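# Per-entry structural report
So the chains spell out like this:
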Amino acid sequence: YDPSTQTVVDYHGGIADSKAKLLRMIGDPETRYREDPVRIIRVLRFAAKMGYKIEPKTEAPIRKMKALLANVPASRLFDEMIKLLQTGHSLASLEVLKKYGLDRDTFPILDAHFQGIAGDPKREAFVNRALADTDRRVNEGKPVAPSFLMACIFWHEVAQRWKGLRDQG
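Below you will find a few notes about this structure. (Residues numbered from 1 in each chain as written. Predicted model: local features only at pLDDT ≥ 70, side-chain atom pairs only at ≥ 80, totals over all residues. Heavy atoms only, no water.)

### Describing the environment of Ala-60
Selection rule: Going along the chain from the N terminus, every DSSP run of H or I of four or more residues is numbered as a helix, and every run of E of two or more is numbered as a strand. Buried, partly exposed and exposed residues are distinguished by accessible area as a fraction of the type maximum, computed with a 1.4 Å probe on protein chains only: under 20%, between the cut-offs, and over 50%, respectively.
Its place among the elements puts Ala-60 in the loop between helix H4 (56-59) and helix H5 (62-65). Using a relative accessible area of 58% as the deciding quantity, one classes Ala-60 as exposed. Sequence spacing of Ala-60 and Glu-30 is 30 residues, and the spatial spacing of their C-alpha atoms is 9.0 Å.

### Overview of the nonpolar core
For soluble globular proteins, nonpolar side chains are generally found buried alongside one another. What counts here: The set of buried Ala, Val, Leu, Ile, Met, Phe, Trp, Tyr and Cys residues whose side-chain atoms join them within 4.5 Å is what this entry labels a nonpolar core. In this description, contact between two residues means that some pair of their heavy atoms is separated by no more than 4.5 Å.
In this structure, Leu-44, Ile-62, Met-81, Leu-97, Leu-102, Phe-107 and Leu-110 are the most contacted members of the largest nonpolar core, which totals 38 residues. Going through the elements one at a time, helix H3 (38-50), H5, helix H6 (74-85), helix H7 (90-99), helix H8 (108-117), helix H9 (121-139) and helix H10 (146-167) are the ones with two or more residues in this core. Setting aside anything within four residues of it in sequence, one finds Met-81 in contact with Phe-107, Ile-109, Leu-110 and Met-150.

### Things to note about H6
How we decide: Given the number of residues in a helix, its expected span is that number minus one, multiplied by 1.5 Å.
If you check H6, its first and last C-alpha atoms are 16 Å apart, about what twelve residues at 1.5 Å a residue would give, namely 16 Å. The complete set of buried residues in H6 reads Leu-77, Glu-80, Met-81, Ile-82, Leu-84 and Leu-85.

### Concerning a nonpolar patch on the surface
Note the cut-off: Residues with no salt bridge and a relative accessible area higher than 30% make up the patches, which join like charges within 9 Å and nonpolar side chains (Val, Leu, Ile, Met, Phe, Trp, Tyr) within 5 Å. Per-residue and other accessible areas follow the Shrake-Rupley method at a 1.4 Å probe size, with only the shown protein chains counted as cover for residues. Salt bridge, as applied in this entry: a Lys or Arg side-chain nitrogen positioned within 4 Å of an Asp or Glu carboxyl oxygen.
A cluster of nonpolar side chains, Tyr-1, Val-8 and Ile-15, forms an exposed patch at the surface whose accessible area comes to about 340 Å². Mapped onto the elements of the fold, Ile-15 is located in helix H1 (residues 14-19). Judged by its relative accessible area of 39%, Ile-15 is partly exposed.

### Quick notes on H3
An ideal rise of 1.5 Å per residue puts 18 Å on 13 residues; H3 measures up with 18 Å between its terminal C-alpha atoms. Buried within H3 we find Val-38, Ile-40, Ile-41, Val-43, Leu-44, Arg-45, Ala-47 and Ala-48. Just downstream of H3, Gly-51 is the residue with a positive phi angle, here 70°.

### Description of the environment of Gln-115
Note that Gln-115 resides in helix H8. Look at Gln-115 and you get exposed, because its relative accessible area is 56%. Along the primary structure Gln-115 and Glu-95 are separated by 20 residues, whereas in three dimensions their C-alpha atoms are 15 Å apart.

### What to know about the layout of surface pockets
Which entries qualify depends on this criterion: Only protein atoms enter the calculation, which uses a 1 Å grid: trapped sets of points that fit a 1.4 Å probe without letting it out are cavities, open sets showing protein on both sides within 12 Å along at least five of seven lines are pockets, and any residue with an atom within 4 Å of a point is a lining residue. Grid points are joined across faces, edges and corners, and a volume is the space filled by probe spheres set on the points. Residues were grouped as follows: Ala, Val, Leu, Ile, Met, Phe, Trp, Tyr, Cys and Pro as nonpolar; Asp, Glu, Lys and Arg as charged; and all remaining residues, including Gly, as polar.
The volume enclosed by the largest pocket comes to roughly 260 Å³. Every residue along the wall of the largest pocket is listed here: His-12, Gly-14, Asp-17, Ser-18, Leu-22, Leu-23, Arg-24, Met-25, Ile-26, Gly-27, Met-50 and Tyr-52. The element that contributes the greatest number of residues to the lining of the largest pocket is H1, accounting for three residues. Tallied by class, residues from the lining of the largest pocket come to six nonpolar, four polar and two charged. Lining of the second largest pocket is provided by Leu-23, Arg-24, Met-25, Ile-26, Arg-32, Arg-39, Arg-42, Val-43, Phe-46 and Thr-58. With four residues, H3 is the largest single contributor of residues to the lining of the second largest pocket.

### Brief notes about unusual backbone geometry
With a phi angle near 55°, Gln-6 is a residue other than glycine that sits in the positive phi range. Here Gln-6 lies in the segment before H1. In this structure Gln-6 comes out as exposed when scored by relative accessible area, which is 61%. Here Asp-105, not a glycine, exhibits a phi torsion of approximately 65°, which is positive.

### Considering the pattern of salt bridges
According to the stated counting rule, one finds 17 salt bridges in the structure shown. Residues Arg-45 and Glu-80 are paired through a salt bridge, measuring 3.3 Å at the closest nitrogen-oxygen approach. In this pair, Arg-45 sits in helix H3 while Glu-80 sits in helix H6, placing the two residues 35 residues apart along the sequence. One exposure class covers both Arg-45 and Glu-80, and it is buried. For the salt bridge of Glu-157 with Arg-123, the shortest nitrogen-to-oxygen distance reads 2.5 Å. Of this pair, Glu-157 sits in helix H10 while Arg-123 sits in helix H9, and the two are 34 residues apart along the sequence.

Dropping the structure here:
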């Protein structure tokens, strides 16, 4: 933005891409993903949040470079996971993660969730209701807490463990 002329200077065609609902990496995507692998997650999060498609050159290296995320500190991945789940588009974000193969071995908490719902439609529906409710609250401008989602994701494991302990006396 040039404040003296009050115009937007668009050197990379971002306005046209936005109108076309297209995400495009500025620069070489492989280089940019190598510089900071968290960009892979951010591209997917923005695509889910905005309902945009990912430009083919930006999309192509995602699957083969996702292994770089293994070297990202757990604290950064946790922060990104919270953004995926608590910015009003969690269900769409999970679908995008699945589409690109990042629903396994990227976020340990989500690994536990996806392993737990395998073959358990009631559990999946329970967590999906919590995610949908969180999305609704965010979109209504209401506060949300990561602890609520963590409790929902792990509810069944805790309940099962509690039942086992109770049954043992």
